[in-house]
Structure formats: structure tokens, C-alpha cells
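# Tertiary structure, described
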Amino acid sequence: MTMVLVLAISSLVAWLYLLIAHHRFWRADQRLEAAKALDHWPHITAIIPARNEAESIARCLTGLLEQTYQGQFDLVLVDDNSSDDTKAIAQQTAMEHGAEDRLTIVSAPPLAAGWTGKLWALSHGVAAAGKKADFLWLTDADALHGPDVLAQLVSKTQTDGVDLASLMIRLRTKSLWERWIVPAFIFFFQMLYPFPAINDPRKKHAGAAGGCILVRRDRLEAAGGIAAIRTALIDDCTLARKIQDAGGRLWLGLAKDSYSLRGSDGLMPLWVMVKRTAFTQLHYSTLLLLATLLGLSLVFLVPPALTVVAIVTGQWSLAGIAGLAWLLMTIAYAPTLRDYGQSPIKGLFLPIIAALYTAMTLHSAIDHWRGKGSHWKGRDYSADGETTRTGT
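Description of the structure in this document.

Calculation notes
- Residues numbered from 1 in each chain as written.
- Predicted model: local features only at pLDDT ≥ 70, side-chain atom pairs only at ≥ 80, totals over all residues.
- Heavy atoms only, no water.
- Patch = residues over 30% accessible without salt bridge, like charges linked within 9 Å, V, L, I, M, F, W, Y side chains within 5 Å.
- Areas by Shrake-Rupley, 256 points an atom, 1.4 Å probe, with all protein chains shown as cover.
- Salt bridge = Lys/Arg side-chain N within 4 Å of Asp/Glu carboxyl O.
- Helix = DSSP H or I, 4+ residues; strand = E, 2+ residues; numbered from the N terminus.
- Axes fitted to C-alpha atoms, helices over the stretch in contact; angles between N-to-C directions.
- Parallel < 35°, antiparallel > 145°, perpendicular 65-115°, else oblique.
- Left-handed = near helix turned anticlockwise from the far one by under 90°.
- Contact = heavy atoms within 4.5 Å.
- Core = buried A, V, L, I, M, F, W, Y, C linked by side-chain atoms within 4.5 Å.
- Buried < 20%, exposed > 50% of the residue type's maximum accessible area, 1.4 Å probe, protein only.
- Domains from an automatic or database assignment.
- Pairing = 2+ DSSP bridges.
- 1 Å grid on protein atoms, 1.4 Å probe; cavity = no way out; pocket = protein on both sides within 12 Å on 5 of 7 lines; lining within 4 Å.
- Points joined across faces, edges and corners; volume = space filled by probe spheres on them.
- Nonpolar A, V, L, I, M, F, W, Y, C, P; charged D, E, K, R; others polar.

### A few points about a nonpolar patch on the surface
A cluster of nonpolar residues, I345, L348, F349 and I352, forms a patch on the protein surface that exposes about 380 Å² of accessible area. Assignment of secondary structure puts F349 in the loop between α12 (316–339) and α13 (350–369).

### Considering the packing of helix α10 (residues 267–281) against α13
Working note: a packed helix pair is described by the angle between its axes plus the distance between those axes. Contact geometry for α10 and α13: axes closest at 8 Å, N-to-C directions at 60 degrees. Put simply, α10 runs oblique to α13. Relative to α13, α10 is oriented so that their crossing is right-handed. Each of W271, V274, K275, A278 and F279 in α10 lies in contact with α13, whose residues at this interface are L356, Y357, A359, M360, T361, H363, S364, A365, D367, H368 and W369.

### Remarks on the nonpolar core
W15, F187, F300 and L350 are the most contacted members of the largest nonpolar core, which has 74 residues in total. Of the residues forming this core, the biggest block, eight residues, is contributed by helix α6 (residues 176–192). Each of domain 1 (1–24 + 269–368) and domain 2 (44–175 + 186–263) accounts for three or more of the residues forming this core. Leaving out residues up to four positions away in the same chain, W15 has contacts with F187, M191, V299, F300, A325, L328, M329 and A332. In this structure, A99, L153, V162 and L214 belong to the second largest nonpolar core, which totals 37 residues.

### Quick word on the sheet that holds strand β3 (residues 103–107)
The strand order β3-β2-β1-β4-β7-β6-β8-β5 describes an open sheet built from eight strands, whose pairing is mixed. Among the strands making up the open sheet, the edge pair consists of β3 and β5 (143–145). Put simply, the sheet's adjacent strands are angled 30 degrees from each other on average, direction ignored. Both β5 and strand β8 (residues 250–260) contribute to a ladder of three bridges, which runs antiparallel. Counted as the bridge partner of L144 is Y259 from β8. On the sheet, helix α4 (residues 117–129) packs against β1 (44–50), β2 (73–79), β3 and β4 (135–139) and is oriented at approximately 145 degrees with respect to β1.

### Here's the deal with empty space enclosed by the protein
Applying the stated criterion to the full structure yields five cavities of 30 Å³ or more. In this structure, the second largest cavity encloses a volume near 50 Å³. Along the walls of the second largest cavity sit K118, L119, L122, L138, G210, I213, I229, D235, D236 and L239, which together make up its complete lining. Elements with a minimum of two residues in the lining of the second largest cavity: α4 and α9 (235–245). Looking at the lining of the second largest cavity, its residues break down into six nonpolar, one polar and three charged.

What follows is the structure in C-alpha cells.
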């Protein structure tokens, strides 16, 4: 009984810490403001790595070509050995917008050993862009940006002296599993990478979201360029750390008008998405894995479990402590749920989703121990996440 009470109190203390002392990550309030008038709008080049993106590339490029940005803005699309009509559709889209002179399409060579696919494509896009641009906009080929996004990003960098500004684009929540899994993913990401701490230059937290990154070109070069992170599976946060280590300032926020066009109608694609980098995030450390599993259990699973058991057995003091921890969890999750148009009441079921994420993390570790690497975009990566087994 004493041990059970200690667990309940520990869970409550953990949630009090998370709400009060963990940079208030849960408020989900880091957003871009309307673009301010600038005396000079820097030259921007968007780099879009694309591998078999025929379904989304037209909408992606249309969103980019229709930006209201007042400065010089051009695009480089890297066709990363696509086997579909990605390149042809991109050319047609540029023609329809009268923007053939603004879009450069380059073909990436076969994937070199020691590189992840996306970073290999990005490196060739950066090389094709040359040194004309002041900033590079690294954006996914399945991302759709509203017309004012670039102007707002540039305004943030120029007004606040930011070297890398990034947006966590809004993920799709149409299917049943997306509605349950995606908001939790955003919540857990904010917990792991507290946006307010990243945005505070006095702190040394680093993080970014790979779907939308605007980075100062000379700062990227000072950090060693894309080659400096060529083996990274979690490339966005690794890049952010490199930029910060090179003296750069970071900013990360939640998008209001940038959307992912990629969807997942079942649980398995979402499971694979999380599993792919979960153990990588823990640096392939068994000790960190055990600590993470224990931490997830204490923070997310213990409160509802003890609340139910205590109510059934009539232990009202225990029920009050565990129930309060569960309530604080629900309160913390509410802003993220509201941001995705869902009822805060769903926060009561966050422990179930956390249990799924715990299983995904364990699955990621088991795959690593079995020597089974990750698979992404038709490519296989080794279990250490650092070398590739395929050449295209």
C-alpha cells in the first residue's frame, strides 16, 4: 500500500512539474505573427526533395508559387530517383503558373553510402541553389503552405535575429486513427522539444520540424552544410543543434496555414512512422529505453490505473491523488486537442495512446536488436541508422 501511494504521489509531482516548470510546453502557443514591413526582403530559394511524389507535387508547388512574398523567390526541386511522374508533373505545374524561369529541376545521382535519402537530395538542391540566396527554405514535397507563410517566416528571422525558423506543419486528421494518434504525436513532440525553451536564446534547447525549415545560408555553411548531418535519421533536430552550435538562433512554432498532404488511413502507417526513429531518438541506448518505458508508465499509465483501482476498492485518498494527476494530464493535453479541432474530453484517453507509443518505442528497439533497420521511401537503412543498404 505504501508503494502504491508513492507511485501515485510521484505521478502527481511529475505532472505538477510538467505543467509549471517544463517551459509551459503544453500551452501550444508558439505561433508566427503577421509579417511586418521590412526595408529589405532577402532572396529566398526553396529546396524541395521529391521521391515518388506524383500525388502531391502539383499542390505543393502551387502553394509555393502562389506565395505573396515581396522579395526574390525561386525554387529548386530535386527529383530523387523517382519512378513515377513527379518530374513531369512539376514541369507542367510550373508552366501552368508561368514560372518556368523560377523553378529549377535537378536529378539526384544514385544514393551514396553513408547518406540518408532526404539529406542526399537536399545536398544536391543546396548545391544547385548556389550562393545567390540569403535563406534556404527546406520544405517537403507533400507540404502545402498558405500564401503568407514565407513572408511570415522571413519577418520572424529579420525582426528577431533568427537563423533557423521552423514550423511543425499541421498533420492530417481525417481517419479514425489519425484523429487519435496525431494530436498525441504533436503533444509528445512538444514535451520532448519544448518550443518556448527552443525559442529562448538564453537556453540551449534545440529542435526543428523537417517539413518546413527556413535557414540562413551562410549559417548553414558555417555549420558544415547538409553533409554535416548526412547520416541523421532525425535530420531536422540534428540540423537545429548544428546551427545552434555554430552560434545561430532558433525558432520553432506550430503552423496555422501549412498542412501535410500525406495521410494514413490505418494504424500501421502511423506505427511505422513513430517506430522508424523512436530508438534512434534514444541513441540506441538500452538504459535510456528502460528509463523511457518507466517514465512513460509513471506519467501516463499509473494515474488512470490507480484511480480506477482505488475507486473500486474504496481507497478515496489514493483515488484523489491519482485522479488529480490524471486531471492535470487532461488539462495539459487540452490545448493541443483544441488546436486540432477535437474535444478536450479526449484527453482522458491519452493514457491509451501513450501505451501505444510505448509499444512503438519498444518495437523500434527490438527491431534494432534484431539487426533490422528502418524502411522509408523505398529504401532500407541499417540497424545503426548510419549506413544505407540500397544505392538508389
